[in-house]
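# Survey of secondary and tertiary structure
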Amino acid sequence: MAEPDIVIGIDSSTQSTKAIAWSRDGEPLCEVRADIPMNQPSPGLVEQDVEDWWKAACSTVRSVTDQIDPARVAGVAISNQRETVAFLDQEGRQSRSAIVWLDERALDEIPLLVNELGAEHLHSITGKPVDITPIIYRLSWLKRHHPKHLEQTSKIVDVHAFLSGRLTGRIVSSWTSADPFGIFDIEKKQWFMPFLDHLNLSIDQFPELQRPGTLIGTVQHDAAIATGLSLGTPLYAGGGDGQCAGLGVNAVRPGVLYLNMGTAIIAGVWSASPAISMNWRTMTSPSGEGYFLESIQRAGAYYINWFIDTFSEGRKDAAIFDKLETQAAQIEIGSEGVLVCPYLTGCMNPHWDANARANFIGLGPMHHLGHLYRASLEALTLEIARSITAMNKSGLQIQRIIAVGGGANSPLWTKMIADATGLQITKSKSLEASALGAGISAAVGAGWFNNFNDAAISMSSEGDTIKPDASVASIWSDLSERQTAAYIPS
C-alpha cells in the first residue's frame, strides 16, 4: 500500500477553484483549476450558487486523484474566498444565493449599524474598520429587509465551512475563515455574542470554530465518490485565502510583507499583537499565533481586467497584456501627466469609503491606451507603497516583499513596486500561494512537521528577485503626492 506522502490544498477563491497535490518539500505534483460563475442579478449585487463551489471542488480534486494514488494523500485542507457568505437549510442546501464579498447591497446599512453598535466598538472587537466588506453588514441588511431569510436559515457559513460540511459532515470554520465575518472576537477567537444578539441570530446558526491545522473530520462516503479521495481521508482546518497566501510564502514572521496581486491586492505583514489602525485591518494568523495586518485594494486584478475589457477589445485577445505592457514600459514615470484613482469598487484603507469610485485625470490628445494602463498600474502601486510606509511608521520594520498572484507575472508592475517602495521583491516560486498555504496546514495537521514555522520553511520556496532603483525614489515620492489628489471623497 502506498505511503501517505502527499497533501492536497483546495483553494476555493472568488472566480475559480484550484486543487493542487503537494509533496513534503512543497513541490506541486499536479494542479487542476475550474471556474466558478458569478451572478449579478442587478447593479451592485454579486451572488454565487453553493453548488457551483461544490462542483468546482469535486471536479478539481477528482482530476487530481485521477493522476495520483489517493492512498498517498495524508490530508486535505481548504483555502477559501473571504467575506462571502452562504445560507443553508437543515438539509445543507442553500436557502438563498450566497452573497459574494464584492456585493454592495449593504452600502446604506453601514451608517445604521454603526449608529447602533459604534464604529470604535466594531473595530476594536473584530479588528475591522467600518467598511462594506465584512459579512456583518450584509447580515444586518437581511435582518432589516428580509428577516424571514435569516429566521429560516439553519446555517450561515463561509466557503470553508460549507465545503467541510460536504466533505466530512461537520460544518466547521477555521479561525481565519470566521474572522472576516466581522462578528468574530479576534483576541478570544470566538463568535462575539453581543453582535449576534443584536442581529437576532443564534450561535447555533454559525459554524463550529477550530484552530488552523487541527483535524475537522474525515471524508465521508458520498464525498469520496464525488472527489476520488479515499474514504476516511483527513480534512484539516485551513483558512481564508489571504492569510493562507501569507503562510504559503513563509511570511508568518517579522519583517516580511506578502503581496498577493490577485482579484484584490493584499499587502500583509505578521504582528505578534492585534495592532488596531485605520491603515489596515487586523486578521488572525493562519498559524493560530499572532495576527496579520492587511492593507487591501478591493479591485486589483479585477480593476485591470475591467480596464482591458472596457477600453480595449478585451481579454479575448491573448496578446493584449503583452501589448499594453510594451506600450506602458516606453512611457516615463508619471504617465505624462495622467493620474488615476483606482477605487473601482470603493476604498478600504486608508479612507474606508465604500462609495468611492475610480477616475482618470489629466487626459490630453497626446495620450493613448498605454498611458491609461501605465497610470492605472502606478496608482495601484502607490497605494501599496503608502500602506507600507504607514506600517513602518508603526514600528513593523518591513525589510522585503514576497509577491504572489497573477499580477506578479508582470515584470513592469513588479519593478514599479520595487522602485516605489524601495524594497526588494522576491517572487514566490509557486504563484498559487493560497493553495500551498492550505497544503502546509494539512501537512502540520498530518504531523509531518512540529509546527507551522518548520512546515513553511520546508514547503515554501522563492524565485526571481527584483531590486529597487534608488535613483528614481524621489520621482515616485513626488508622484505619490500628486496621485493622492485623484481621490474624490464620496
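Preceding this section is the structure that the text describes.
The residue numbers shown here count from 1 along each chain, following its written sequence. The model is predicted, so local features are restricted to residues of pLDDT at least 70 and side-chain atom pairs to those at 80 or more, both for listing and for counting; the totals for chains, interfaces and linings are taken over all residues. Think of the side-chain values as coming from all heavy atoms in the structure, minus any hydrogens and water.

### A closer look at the overall build of the protein chain
Defined as follows: Here a helix means four or more residues in a row that DSSP labels H or I, a strand means two or more in a row labelled E, and each is numbered from the N terminus. All radius of gyration figures rest on C-alpha atoms, and the globule criterion is 2.2 Å times the number of residues raised to 0.38. When accessible area is computed with a 1.4 Å probe and restricted to protein chains, residues below 20% of their type maximum are described as buried, those above 50% as exposed, and intermediate ones as partly exposed. Note on contacts: a residue pair qualifies if any of its non-hydrogen atoms lie within 4.5 Å across the two residues. In this description, accessible areas are obtained by the Shrake-Rupley approach with a 1.4 Å probe, and a residue is regarded as covered only by the protein chains that are shown.
Counting its secondary structure elements, the protein chain contains 17 helices and 23 strands. Against the globule reference of 23 Å for 490 residues, the protein chain gives a C-alpha radius of gyration of 22 Å, in line with a compact fold. By principal-axis analysis of the C-alpha atoms, the protein chain measures approximately 65 × 55 × 45 Å. Residues classed as buried in the protein chain amount to 62% of the 490 residues present. Expressed as a percentage of contacts within the protein chain between residues at least 6 apart in sequence, the contacts between residues at least 24 apart total 71%. Roughly 18,000 Å² of accessible area belongs to the protein chain as shown, and the carbon and sulfur atoms make up 50% of that amount.

### Observations concerning the pairing of strand β22 (residues 424-428)
So the rule is basically this: Here, strands pair whenever DSSP counts at least two bridges between them.
Of all five residues that make up β22, four are buried, and the element is covered over most of its length. Pairing geometry for strand β21 (residues 400-404) and β22, over four bridges, is parallel. Note that in β22 the partner of Ile-401 across the bridge is Ile-425. Of the strand pairs in this sheet, β22 and strand β23 (residues 462-466) are connected by three bridges, and their pairing is antiparallel. Its bridge partner lying in β23, Thr-426 is registered against Thr-465.

### Section: helix α11 (residues 301-311)
Within α11, the full set of buried residues consists of Tyr-303, Ile-304, Asn-305, Phe-307 and Ile-308. Taken together, the buried residues of α11 touch α12 (320-329), β19 (339-341), β20 (359-361) and α13 (369-393).

### Focus on the sheet that holds strand β16 (residues 265-271)
The condition is simple: Note on geometry: axes are C-alpha line fits, over the in-contact stretch for helices, and angles between N-to-C directions span 0 to 180 degrees.
Strands sit in the order β17-β18-β16-β15-β21-β22-β23 across an open sheet of seven strands; the sheet is mixed. Single-partner strands in this sheet number two, and they are β17 (281-284) and β23. Direction aside, neighbouring strands of the sheet carry axes that sit 30° apart on average. Alignment of β16 against strand β18 (residues 291-297), held across seven bridges, turns out to be antiparallel. Across the sheet, the residue bridging to Ile-266 is Ile-296, located in β18. Across the sheet, α13 touches β15 (256-261), β16, β18 and β21, and the angle it forms with β18 is around 150°.

### Section: the packing of aromatic side chains
Note the cut-off: Between the rings of Phe, Tyr and Trp (Trp by its six-membered ring), a pair exists once the centres lie within 6.5 Å; its type follows the angle of the planes, with under 30 degrees stacked, over 60 edge-to-face, and the other angles tilted. Two conditions define a charge located above a ring, namely a distance within 6 Å from the ring centre to NZ of Lys or CZ of Arg, and an angle within 35 degrees of the ring normal.
In the structure shown here, the tally under the stated rule is 14 aromatic pairs. Ring plane angle 80° and centroid distance 5.8 Å describe the contact between Phe-311 and Phe-360, whose orientation is recorded as edge-to-face. Of this pair, Phe-311 sits in helix α11 while Phe-360 sits in strand β20, and the two are 49 residues apart along the sequence. Aromatic pair Tyr-343 and Tyr-487: ring centres 5.6 Å apart, planes at 70°, arrangement edge-to-face. With a gap of 144 residues between them, Tyr-343 in the loop between β19 and β20 and Tyr-487 in the segment after α17 (473-483) connect regions that are remote in the sequence. Assessed through its relative accessible area of 6%, Tyr-343 is described here as buried. Three or more aromatic residues link up through ring pairs in this structure, and these residues are Tyr-303, Trp-306, Phe-307, Phe-311, Phe-360 and Tyr-373. For the cation-ring pair, Arg-105 lies above Trp-141, with the distance from its terminal atom to the ring centre recorded as 5.4 Å. For the cation-ring pair, Lys-189 lies above Trp-175, with the distance from its terminal atom to the ring centre recorded as 5.6 Å.

### With respect to the nonpolar core
Inclusion rule: Throughout this description, the term nonpolar core refers to a set of buried Ala, Val, Leu, Ile, Met, Phe, Trp, Tyr and Cys residues connected via side-chain atoms within 4.5 Å.
Among the nonpolar cores identified, the biggest contains 46 residues, and Leu-257, Leu-259, Tyr-303, Ile-401, Trp-413 and Ile-417 are the most heavily contacted of them. Among the elements that take part in this core, α13 stands out by supplying 10 residues, more than any other. With 41 residues, the next largest nonpolar core counts Tyr-258, Trp-270, Met-348 and Trp-352 among its residues.

### Description of the environment of Ile-171
Relative to the helices and strands, Ile-171 is located in the loop between α6 (159-168) and β9 (172-174). On the basis of relative accessible area, Ile-171 is assigned to the partly exposed category, the value being 24%. Apart from the residues lying within four places of it in its own chain, the contact partners of Ile-171 are Leu-88, Lys-155, Val-157, Ala-161, Ser-164, Gly-165, Pro-207 and Glu-208.

### Quick notes on the packing of α13 against helix α14 (residues 411-421)
Each packed pair of helices is defined by two parameters, the angle between the axes and the distance between the axes. In plain terms, the rule: Oblique is the label for any angle not covered by the other classes, which are roughly parallel (under 35 degrees), roughly antiparallel (over 145) and roughly perpendicular (65 to 115). It is the rotation of the near helix from the far one that decides the hand of a crossing: anticlockwise by less than a right angle makes it left-handed, clockwise makes it right-handed.
Taken N-terminus to C-terminus, the directions of α13 and α14 make an angle of 40°; their axes are 9 Å apart at the nearest point. Comparing their axes, α14 and α13 come out oblique. As α13 runs across α14, the sense of the crossing is right-handed. From α13, Arg-374, Leu-377, Glu-378, Leu-380, Thr-381, Leu-382, Ile-384, Ala-385 and Ile-388 reach across to α14, where they touch Leu-412, Trp-413, Met-416, Ile-417, Ala-420 and Thr-421.

### Considerations on the state of the cysteines
The condition is simple: Criterion for a disulfide: a pair of cysteine sulfur atoms at a distance within 2.5 Å.
One pass over the structure, following the stated rule, counts zero disulfides. You can see Cys-30 has no disulfide; the closest cysteine sulfur is in Cys-58, sitting 16 Å from it. Judged by its relative accessible area of 7%, Cys-30 is buried. You can call Cys-58 buried: its relative accessible area is 9%.

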